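# Chains, contacts and geometry: an overview
Read off the chains here:
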Amino acid sequence: MTDTRLMQLVQQAFDYRGYVTVVRHDGSSLVGFVYQQDVAEIAMFDEDATQRVTVPLRDIADISITGDDSAARAQRRWERRRDSLEARETSAWGEWEQRPTLILVALPIELRGIASVLRSKVRGTSASAMLGEHRVIARAVGVGGGAAHVVAADRPSLVINCGFAGALEKSLGAGDLVLASSVRDESGESVMARESVLRIARRALAYTQVAEGELLCATRIAATREDKRILARPGRLAVDLESWASARAAERAGIPWLALRVVLDPLEIDLPRFASEAREHYVPSVVRHTLRGPRAVLDLARLGTRTAIAFRSLRRAMQQLMPVLGELGACEVHS
């Protein structure tokens, strides 16, 4: 197979919103969902959505589309119905009241905070609860990936992305909330939040101070003040690693989405050096950092204080959003 043909297959698999089968040169195969690609490898969830697998491009002999693209099927169904829609009672995937709200976070520590709001227990990488007749599922999908897969698998009526962010506006401090009016990736592509969704969120958060503006989704953590200053633009409030993937997955599925972030590190604050790389578990790095001396211990103490403040703020905001999840999920997303 030529390199050009291989790259075409990789791009097709990445763009597809269902399962594909990757055949290796050694004859083995892997069925799963491609959620990330680069010049040397692809990253996949296996078909049970329990493991992430990295496959070097040099090992790939062929890629075939073998699973159903549920988001595309949803779009086709909506297109058939678009000229005859009555009241907004059903989604493109089916009855709206039968679809859960999907809350996406990156890290297990963030998931535990959401689980406490839901009064639920974390099981693996998820937590779920029934709020009246409405089901809510919260999932930790890792840093920068996984959103497209879980949106396709869970078929929600609403996607909420939440978690920590770094401030790009000097007026924002630890614990301040940012409601995304749009999400932009580093290439400059932007997804606008729907005004109907924002209107309901503003009403629910009326007694909480919330800044509204653009979120930038970066490919690496902006750990220093210099990093954040480079990314700052007028109207751009914060930077994270996950909101773009969630917003794009929801848009492609034709469902409403909301991105709510809480500031962990203000613009003029540097994160500890170990925080410049995203990890699911920081304990070993924290221990090593404390060995650097008293100033390092003080930095960790300040980070711990900001984290506690951010957690309280995020939990409070999510508690205020819980009563309006049904309204948010019923918002019209097509014009």
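The structure reproduced in this document is the subject of the present report. Since the model is a prediction, treat every value here as computed from it, not as a measurement. (Residues numbered from 1 in each chain as written. Predicted model: local features only at pLDDT ≥ 70, side-chain atom pairs only at ≥ 80, totals over all residues. Heavy atoms only, no water.)

Inspection of the entire model under this criterion finds one aromatic pair. When the ring of Phe 164 is compared with that of Phe 311, the centres are 5.4 Å apart and the planes differ by 80 degrees; the resulting orientation is edge-to-face. Highlighted residues: Phe 164 in strand β11 (residues 158-167) and Phe 311 in helix α9 (residues 294-321), separated in sequence by 147 residues. As far as burial versus exposure is concerned, Phe 164 and Phe 311 are alike and both buried. (Phe/Tyr/Trp six-rings, centres within 6.5 Å; stacked < 30°, edge-to-face > 60°. Helix = DSSP H or I, 4+ residues; strand = E, 2+ residues; numbered from the N terminus. Buried < 20%, exposed > 50% of the residue type's maximum accessible area, 1.4 Å probe, protein only.)

On to unusual backbone geometry, then. Within the chain, Arg 119 stands out as a residue other than glycine whose phi angle is a positive 55 degrees. Note on placement: Arg 119 falls in the loop between α3 (108-118) and β9 (126-131). A positive phi angle is found at Arg 155, which is not glycine, with a value near 50 degrees. Positionally, Arg 155 belongs in the loop between α4 (147-154) and β11. The class of Arg 155 is partly exposed, set by a relative accessible area of 28%.

Side chains of a nonpolar character, in soluble globular proteins, are inclined to be buried together. In terms of nonpolar packing, the biggest core is built from 80 residues, with Ile 103, Val 183, Trp 257, Leu 258, Met 318 and Leu 321 touching the most fellow members. Sequence-distant contacts of Trp 257, that is, excluding residues within four places in its chain, are made with Leu 158, Val 159, Val 183, Val 191, Met 192, Ala 193, Val 197, Ala 247, Ala 250 and Glu 251. Counting 17 residues, the second largest nonpolar core, distinct from the first, contains Ala 13, Val 53, Ile 60 and Ile 63. (Core = buried A, V, L, I, M, F, W, Y, C linked by side-chain atoms within 4.5 Å. Contact = heavy atoms within 4.5 Å.)

Before going further, it helps to spend a moment on the side chain of Asp 154. Tracing the backbone through its elements, the reader meets Asp 154 in helix α4. In terms of polar contacts, Asp 154 uses its side chain to reach the side chain of Arg 139, at 2.7 Å. If we ignore the near neighbours within four places in the chain, the residues touching Asp 154 are Pro 100, Leu 102, Ile 137 and Arg 139. (Polar contact = N/O pair within 3.5 Å; in protein donor to acceptor, adjacent residues only side chain to side chain.)

Attention now moves to the pattern of salt bridges. Per the stated rule, a full pass over the model turns up 13 salt bridges. The residue Glu 251 makes a salt bridge to Arg 194 at a minimum N-O spacing of 2.8 Å. With Glu 251 in helix α7 (residues 243-253) and Arg 194 in the loop between β13 (190-192) and α5 (195-204), this pair connects stretches of sequence that are 57 residues apart. Residue Glu 251 is classed as partly exposed on the basis of its relative accessible area of 26%. By relative accessible area, Arg 194 is classed as partly exposed at 27%. A salt bridge links Glu 242 to Arg 261; its shortest N-O distance comes to 2.8 Å. One end of the pair, Glu 242, is in the loop between β15 (236-240) and α7; the other, Arg 261, is in strand β16 (residues 257-265), with 19 residues separating them in the sequence. Note on accessibility: Glu 242 and Arg 261 belong to one class, buried. (Salt bridge = Lys/Arg side-chain N within 4 Å of Asp/Glu carboxyl O.)

This paragraph deals with the sheet that holds strand β1 (residues 20-24). Pairing is antiparallel across the open sheet formed by five strands, whose spatial order is β4-β3-β2-β1-β5. At either margin of the open sheet sits one strand with a lone partner, and together these are β4 (52-56) and β5 (60-65). This sheet shows a mean twist of 45 degrees between the axes of neighbouring strands, independent of strand direction. In this sheet, strand β2 (residues 29-37) lies alongside β1 in antiparallel orientation, the contact comprising four bridges. Pairing of Val 22 across the sheet is with Leu 30, part of β2. Against the sheet, helix α1 (residues 3-15) makes contact with β1, β2, β3 (41-46) and β5, and its axis sits at roughly 80 degrees relative to β2, the strand it touches most. (Pairing = 2+ DSSP bridges. Axes fitted to C-alpha atoms, helices over the stretch in contact; angles between N-to-C directions.)

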